Amino acid sequence: KTASTNAENFTDGTTGISDATGYSLSVYPVPATTAVTVTSPEAIESVRIFSTAGAEVARVAGEKDYTQSVDVSTLAPGVYMLVVNEQAPLRIVKK
């Protein structure tokens, strides 16, 4: 077996992922109550949130910036996957 090139970290209320190419995303705070902040090394064009069952529960047009706040206040408490610019998903928790 080979190890995955993606790595997740869950320290200090931040979820992040980076791959062998150096592409790195972060999302904070985790857990969230009203909003999460996404940071990306490239302009954010889209943010999609999926339930653990795979259903898309939110879609936000990117602001073409490197940092964006995403409202999660209407989501039910639970675990979700957040996808930025169609990159690897990040795990977020909604309180």
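Basis of the calculations
- Residues numbered from 1 in each chain as written.
- Predicted model: local features only at pLDDT ≥ 70, side-chain atom pairs only at ≥ 80, totals over all residues.
- Heavy atoms only, no water.
- Helix = DSSP H or I, 4+ residues; strand = E, 2+ residues; numbered from the N terminus.
- Pairing = 2+ DSSP bridges.
- Axes fitted to C-alpha atoms, helices over the stretch in contact; angles between N-to-C directions.
- pLDDT = per-residue confidence, 0-100.
- Buried < 20%, exposed > 50% of the residue type's maximum accessible area, 1.4 Å probe, protein only.
- Salt bridge = Lys/Arg side-chain N within 4 Å of Asp/Glu carboxyl O.

**A closer look at unusual backbone geometry**
Backbone geometry follows two general trends: most residues other than glycine have a negative phi, and most peptide bonds adopt the trans configuration. For the peptide bond that leads from tyrosine 28 to proline 29, omega is -5°, which places it in the cis range. Relative to the helices and strands, proline 29 is located in the loop between strand E3 (24–28) and strand E4 (35–39). The backbone of lysine 64 shows a phi angle near 60°, a positive value even though the residue is not glycine. On the secondary structure map, lysine 64 appears in the loop between strand E6 (56–61) and strand E7 (67–71). Unlike most non-glycine residues, glutamate 86 shows phi in positive territory, near 60°.

**Examining the sheet that holds strand E8 (residues 78–84)**
In any sheet, the strands associate via hydrogen bonds between backbone groups, in a parallel or an antiparallel arrangement. With antiparallel pairing, four strands are arranged side by side in an open sheet as E6-E5-E8-E9. One side of each edge strand has no neighbouring strand; the edge strands of this open sheet are E6 and strand E9 (90–94). Going across the sheet, the axis of each strand differs from the next one's by a mean of 25°, ignoring polarity. In this structure, strand E5 (residues 46–51) lies alongside E6, joined through five bridges in antiparallel fashion. From the neighbouring strand, arginine 48 faces E6, where its bridge partner is arginine 59.

**Some words on the confidence of the model for the chain**
Taken residue by residue, the chain gives an average pLDDT of 83. The fraction at 70 or more is 76%. Mean pLDDT values over the elements of the chain span from 38, in strand E1 (residues 7–11), up to 97, in E5.

**Quick look at the side chain of serine 51**
Its location among the elements puts serine 51 in strand E5. The buried category is assigned to serine 51, whose relative accessible area is 17%.

**Some remarks on the pattern of salt bridges**
The tally for this structure, following the rule as stated, stands at three salt bridges. Between arginine 48 and glutamate 56 there is a salt bridge; the shortest N-O distance is 2.6 Å. Classification of glutamate 56 as partly exposed rests on a relative accessible area of 34%. The salt bridge partner of glutamate 56 is arginine 59, with a shortest N-O separation of 3.1 Å. Judged by relative accessible area, arginine 59 falls into the exposed class, the value being 58%. Salt bridges linked by common partners bring Arg48, Glu56, Arg59 and Glu86 together as one network.

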